[in-house]
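Coordinate analysis (summary)
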Amino acid sequence: FTFKQGYFMFLAFNLAFLAAAYQVLRPYFENLQLAWWWLGPAMFMTFLPNVAALMQGQDSIVLMALFAGSFVMLLKKRDFLGGLLLGLALFKFQVVLPVAVLFAIWRCWSFIAGFSLSGAAVAALSVALVGISQINTYAHALFAMGIGLSSKADQFRYGISPSSMPNLRGMAFGLLHDRLPGSWIQLAILATSGVVLLVAARAGLDKSNSDRLLLAI
């Protein structure tokens, strides 16, 4: 397929996943539907990140659909299937792995078993597609993006502006980039992330697994 054909194929793919996510979550929009029947679908279609993902061909809509499916499975006490669905989302491992770590801390072993099974399949498929050498190349690129964004040239090269990120990394970079080397900033990000993870783990001790997923997200 040409690039243009591939773009429109993935646009259709994303629209299908957007519709699936809405259908899965529809029973939980009753309050919205009491106001106006069209409010739920309108919210999905006009939510700016969804619109941007459709326009740019991003995979975050697939991620949202898998999280939605996992949430509903946890509501139905089908923890293994909830974990199985979330493991399929490991193409966004930086988002999914902290969720899995929290569920491991909470000792939700059925969820972790499902996550491990599908996660192993996703990892095996990734290695089969690109090979070990490209996995190593990708790991080195991630490390360079994590540590080596102190100059404008590096930020332009990777298309990443840490100071524009509304998260702990953006805060640490904005406060410290002209005071500390990149490795120290990365340590500060890891330390603050660890504190947030521990606070979330403590907050989720007495919650249901479905509420834990919302907290983890």
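Residues numbered from 1 in each chain as written. Predicted model: local features only at pLDDT ≥ 70, side-chain atom pairs only at ≥ 80, totals over all residues. Heavy atoms only, no water.

**Overview of the overall build of the protein**
The number of helices and strands found in the protein is 12 helices and 0 strands. Secondary structure elements of the protein, listed N to C terminal, follow the sequence α-α-α-α-α-α-α-α-α-α-α-α. Expressed as lengths along the three principal axes of its C-alpha atoms, the size of the protein is roughly 55 × 50 × 40 Å. Looking at the 217 residues of the protein, the share that counts as buried comes to 30%. Restricting the contact set of the protein to residue pairs at least 6 apart, pairs at least 24 apart contribute 61%. Per element, the accessible surface of the protein, about 13500 Å² overall, is 70% carbon and sulfur. Distance from the positive charge centre (14 side chains) to the negative charge centre (7 side chains) of the protein: 3 Å. (Helix = DSSP H or I, 4+ residues; strand = E, 2+ residues; numbered from the N terminus. Buried < 20%, exposed > 50% of the residue type's maximum accessible area, 1.4 Å probe, protein only. Contact = heavy atoms within 4.5 Å. Areas by Shrake-Rupley, 256 points an atom, 1.4 Å probe, with all protein chains shown as cover. Lys, Arg positive; Asp, Glu negative; His and termini not counted. Charge placed at Lys NZ, Arg CZ, Asp CG, Glu CD.)

**Focus on a nonpolar patch on the surface**
Taken together, Leu125, Val127, Leu129, Val130, Ile132 and Ile135 make up a surface patch of nonpolar side chains, about 540 Å² in accessible area. Relative to the elements of secondary structure, Leu129 occurs in helix α8 (residues 109-147). (Patch = residues over 30% accessible without salt bridge, like charges linked within 9 Å, V, L, I, M, F, W, Y side chains within 5 Å. Salt bridge = Lys/Arg side-chain N within 4 Å of Asp/Glu carboxyl O.)

**Observations regarding unusual backbone geometry**
The phi dihedral of Lys77 is positive, around 65°, even though this residue is not glycine. Within the secondary structure, Lys77 sits in the loop between α5 (60-75) and α6 (79-87). Residue Lys77 is classed as exposed on the basis of its relative accessible area of 66%. A positive phi angle is found at Arg107, which is not glycine, with a value near 60°. Residue placement: Arg107 occurs in the loop between α7 (93-105) and α8. For Arg107, a relative accessible area of 64% gives the class exposed.

**Some details on the confidence of the model for the protein**
Overall, the predicted model of the protein reaches an average pLDDT of 90, with 94% of residues at or above 70. Here helix α9 (residues 152-158) stands out as the least confident element of the protein, with mean pLDDT 68; α6 is the most confident, with 97. (pLDDT = per-residue confidence, 0-100.)

**Structural notes on the packing of aromatic side chains**
Scanning all chains against the criterion turns up 10 aromatic pairs. Their ring planes at 80° and their centres at 5.4 Å tell us that Phe103 and Trp106 sit as a pair that is edge-to-face. When sorted by exposure, Phe103 lands in the same class as Trp106, which is buried. Each member of the aromatic cluster is reached from another via a ring pair, and the members are Phe10, Phe13 and Phe17. (Phe/Tyr/Trp six-rings, centres within 6.5 Å; stacked < 30°, edge-to-face > 60°.)

**With respect to the packing of helix α1 (residues 3-25) against helix α3 (residues 39-46)**
The geometry of α1 relative to α3 is characterised by a closest axis approach of 11 Å and an angle of 145° between their N-to-C directions. As α1 runs across α3, the sense of the crossing is right-handed. Residues Leu15, Leu18, Ala21, Tyr22 and Leu25 of α1 form the contact with α3, whose own contacting residues are Gly40, Pro41, Phe44 and Met45. Per-class residue counts for the contact of α1 with α3 are 8 nonpolar, 1 polar and no charged. (Axes fitted to C-alpha atoms, helices over the stretch in contact; angles between N-to-C directions. Left-handed = near helix turned anticlockwise from the far one by under 90°. Nonpolar A, V, L, I, M, F, W, Y, C, P; charged D, E, K, R; others polar.)

**Digging into the side chain of Asn50**
Here Asn50 lies in helix α4 (residues 48-56). Filtering out sequence-adjacent residues up to four positions away, Asn50 remains in contact with Leu18, Phe44, Ile61 and Met64.

**Examining the pattern of salt bridges**
Inspection of every chain in the model, using the stated rule, returns 2 salt bridges. Among the salt bridges present, the one from Asp59 reaches Lys92, with a minimum N-O distance of 3.5 Å. Of this pair, Asp59 sits in the loop between α4 and α5 while Lys92 sits in the loop between α6 and α7, placing them 33 residues apart in sequence. Ionic pairing is found between Arg179 and Asp178, a salt bridge with its closest N-O pair at 3.5 Å. Grouping residues by exposure puts Arg179 and Asp178 together as exposed.

**Remarks on the nonpolar core**
If you look at the biggest cluster of nonpolar residues, it comprises 36 residues, and the most contacted ones within it are Val96 and Phe103. At the level of secondary structure, the elements contributing two or more residues to this core comprise α1, α4, α5, α7, α8, α11 (182-203) and α12 (209-216). Sort the elements by how many residues they give to this core and α5 lands first, with 11 residues. In this structure Val96 touches Leu63, Phe67, Leu86, Ala89, Leu90 and Phe115, once residues within four positions along its chain are discounted. (Core = buried A, V, L, I, M, F, W, Y, C linked by side-chain atoms within 4.5 Å.)

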